[in-house]
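Summary of structural features
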Amino acid sequence: MSLLRSRTAVSPLRRRDLGDAARVMPTVDALVAVERPEEPMHCLRPAAIAAAARFFVSGFPGETLYAVKCNPEPAVLRALWEGGVRRFDCASAAEVSLVRSMFPEAGIHFMHPVKARSAIREALALHGVKDFVLDSAEELAKILAETGAGAAEGLGLVVRLALPKGEAVYDLSGKFGAQPAEAAALLRATRPHAARLGVSFHVGSQCLEPLAWRRALALVGEVVREAGVPVDIVDVGGGFPVAYPGVEPPALGAFFAEIEAGFEALGLPEGTALWAEPGRALVAAGGSVVVQVQGRRDGALYVNDGVYGALSDAGLPGFVFPVRLIRPDGPAPSPVLREFALFGPTCDSADRMRGPFPLPEDVREGDWIEIGQLGAYGACLRTGFNGFDRARIVEVRDRPMIDTEDPAALAA
Ligand SMILES: *Cc1c(COP(=O)(O)O)cnc(C)c1O
């Protein structure tokens, strides 16, 4: 019988078992040897997440808000808290409620520019959330109507600025944000209602270029000058990159340095707050998925998780994640590597991850593969499509496959 409770695809935002600690194993290899798991296993490394949080919180020249959507697993949120994160960027009523249930003292910021009216009411009335983002006059009117609050009640309002299309792997310029002239007008319109007025942007996710923040901050400067009203907060968003095979981003310190210089160049009054909303950079290394090989056809491996599970970024977006073979018994794997593509378990032909994923050339049915850097936008995207909705969560204490705890890897 399995030592581990089965968990379905149901998001942690819908579960009721937040207090339960996941089972802890010393290493992923020990887990596979003991469990021989035939369902995907989500392996969390809370120590790696806490270390990444500690590094970001101590290195970023402002306040760190964790973007909850990236991984809302309670064990992940606890590790981030352990690492010094005290503020959370939430985008839905369920995220707000989860964070508040875990951390009564947390700062919660509702950073979705187009919110449900009920979510605004609930966030303020039930969870004391007073900071909201907006990118239109309509959303400002909605927030004011639904909160019934203003500057006197301590309302914090942040205007999201649209950026020109940039270099990020995930471009976010098309969906949210006010164009510069519109943003300036919106800052003026918002100022009288805000105890704290901010301006935010998002350069796009997995942005490899530190100068992208410098350029965005220069645009913030133009918009604030045009608005002609004082701002209290500059929020540089998320987008901080992590390493993947073949992708070695500049060290985080290089991003912090550009942000600090760009912020100082704005010449804003002493006391203006600087915020960031990292997601990926805090949690990617702290999660991996162990899949089992259920069939092999030449250079393709049929595995038990795929794009409808934790591997959606390996599908169409084509992210290449680090992989390693785990074969607890039987012949030692071949030292010769070959590049494989992976097929997920569903019947959809789109359930394919082209990789390439280098693995021992003799990989065979029954072997396990650990796929790393999946703490961000991995397990939280899984669905129950085609009945493949049984994944389990375990905490492990070994080091991540790409080890961001290595101070040399993180130094500027
Ligand atoms: C998704 C998101 C983030 C986090 O982005 P990462 O690329 O994971 O750092 C931050 N802020 C907002 C508004 C987001 O939508």
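Here the structure is a predicted model, which is why all the values come from computation and not from measurement.

Turning our attention to the overall build of the protein. Tallying secondary structure elements over the protein gives 11 helices and 17 strands in all. Taking 22 Å as the expected radius of gyration for a compact globule of 412 residues, we find that the protein reaches 22 Å, a close match to that expectation. With the C-alpha coordinates of the protein rotated into their principal frame, the extents come out at 70 × 40 × 35 Å. Considering the protein as a whole, with its 412 residues, one finds that 56% of them fall into the buried category. Sequence separation of 24 or more characterises 75% of the internal contacts of the protein that already satisfy a separation of 6 or more. By element, 53% of the accessible surface of the protein is carried by carbon and sulfur atoms, the whole surface being about 16800 Å². Charged side chains in the protein number 42 positive and 51 negative. The centres of these two groups are separated by 3 Å.

For the ligand, the set of nearby residues contains 13 residues, the closest of which are Lys69, Ser205, Gly239, Glu277 and Tyr377. Within the side chain of Glu277, an N or O atom sits 2.5 Å from a nitrogen atom of the ligand. In the environment of the ligand, an oxygen atom lies 2.9 Å from a nitrogen or oxygen atom belonging to the backbone of Arg280. Relative to its free-state accessible area of 380 Å², the ligand is covered by the protein chains to the extent of 89%.

Our focus in this paragraph is the sheet that holds strand S9 (residues 233-235). Taken in spatial order, the 8 strands of this closed barrel run S3-S4-S5-S6-S7-S8-S9-S10, and their pairing is parallel. With strand direction ignored, the average angle separating the axes of adjacent strands in the sheet is 25 degrees. Bridge analysis of strand S4 (residues 87-90) against strand S5 (residues 107-110) gives 4 bridges, and the strand direction is parallel. Bridging across to S5, Arg87 finds its partner in Gly107.

Let us now look at the domain arrangement of the protein. Domain assignment breaks the protein into domain 1 (5-45 + 285-411) and domain 2 (46-283). Look at where the C-alpha atoms of domain 1 and domain 2 centre, and you get two points 30 Å apart.

As a further point, take the side chain of His42. The residue His42 is located in strand S2 (residues 41-44) in this model. On the accessibility criterion, His42 (5% relative accessible area) is buried. Among residues more than four places away in sequence, those in contact with His42 are Ser288, Val289, Ala310, Ala379, Arg382, Ala391, Arg392, Ile393 and Val394.

Turning our eyes to something else, we now look at the confidence of the model for the protein. In this model, the protein carries a mean pLDDT of 92, and residues with pLDDT of at least 70 account for 91%. In this model, residues 1-9 is a region of pLDDT below 50 whose contacts with residues beyond four sequence positions or in other chains number 32 contacts. Every residue in residues 407-412 is under pLDDT 50, and counting partners more than four places away or in other chains gives 11 contacts.

This part takes up the side chain of Asp135. By secondary structure assignment, the location of Asp135 is in the loop between strand S6 (131-134) and helix H6 (137-147). In this structure, Asp135 is buried with no salt-bridge partner, the nearest side chain bearing the opposite charge being Arg160 at 6.3 Å. Here Gly177 takes part through its backbone nitrogen, which lies 2.8 Å from a polar atom of the side chain of Asp135. Setting aside its immediate chain neighbours within four residues, Asp135 contacts Pro113, Arg160, Phe176, Gly177, Ala178, Glu182 and Leu186.

The next subject is the nonpolar core. Counting 104 residues, the largest nonpolar core has Tyr66, Leu80, Phe88, Trp213, Val236, Phe240 and Ile369 as the members making the most contacts within it. Sorting elements by how many residues they give to this core places helix H8 (residues 211-227) first, with 9 residues. Inspection of this core shows a minimum of three residues originating in each of domain 1 (5-45 + 285-411) and domain 2 (46-283). In this view, Val236 contacts Phe60, Phe201, Trp213, Leu217, Ile259, Leu274, Trp275 and Ala276; residues no more than four positions away in its chain are not counted.

The next thing to look at is the UniProt feature "domain: Orn/DAP/Arg decarboxylase 2 C-terminal" (unreviewed entry) in the protein. Summarizing the sequence annotation, UniProt attributes the feature "domain: Orn/DAP/Arg decarboxylase 2 C-terminal" (unreviewed entry) to residues 287-375 in the numbering used throughout. What you have in residues 287-375 is 0% helix and 44% strand, and the ends, taken at the C-alpha atoms, are 4 Å apart.

Scanning the model with the defined rule gives 18 salt bridges in all. Salt-bridge contacts for Arg121 lead to Glu146; the nearest nitrogen and oxygen are separated by 2.8 Å. Separated by 25 residues along the polypeptide, Arg121 in helix H5 (residues 117-127) and Glu146 in helix H6 bring together distant segments of the chain. If you follow the salt bridges from partner to partner, you end up with Asp29, Arg45, Arg324, Glu370 and Asp398 in one network.

With 17 residues, H8 should reach 24 Å at 1.5 Å per residue; the first-to-last C-alpha distance of 24 Å fits that figure. Of all the residues in H8, the buried ones are Ala212, Trp213, Ala216, Leu217, Leu219, Val220, Gly221, Val223, Val224 and Ala227. Against the buried residues of H8 lie helix H7 (180-190), strand S8 (196-200), S9 and helix H9 (252-265). Looking at the residues trailing H8, positive phi occurs at Gly228, about 70 degrees.

Scoring rules and cut-offs
- Residues numbered from 1 in each chain as written.
- Predicted model: local features only at pLDDT ≥ 70, side-chain atom pairs only at ≥ 80, totals over all residues.
- Heavy atoms only, no water.
- Helix = DSSP H or I, 4+ residues; strand = E, 2+ residues; numbered from the N terminus.
- Rg over C-alpha atoms; globule rule 2.2 N^0.38 Å.
- Buried < 20%, exposed > 50% of the residue type's maximum accessible area, 1.4 Å probe, protein only.
- Contact = heavy atoms within 4.5 Å.
- Areas by Shrake-Rupley, 256 points an atom, 1.4 Å probe, with all protein chains shown as cover.
- Lys, Arg positive; Asp, Glu negative; His and termini not counted.
- Charge placed at Lys NZ, Arg CZ, Asp CG, Glu CD.
- Near = heavy atom within 4 Å.
- Polar contact = N/O pair within 3.5 Å; in protein donor to acceptor, adjacent residues only side chain to side chain.
- Pairing = 2+ DSSP bridges.
- Axes fitted to C-alpha atoms, helices over the stretch in contact; angles between N-to-C directions.
- Domains from an automatic or database assignment.
- pLDDT = per-residue confidence, 0-100.
- Salt bridge = Lys/Arg side-chain N within 4 Å of Asp/Glu carboxyl O.
- Core = buried A, V, L, I, M, F, W, Y, C linked by side-chain atoms within 4.5 Å.
- UniProt positions renumbered as here; feature names shortened; annotations may be inferred.
- Expected span 1.5 Å × (residues − 1).

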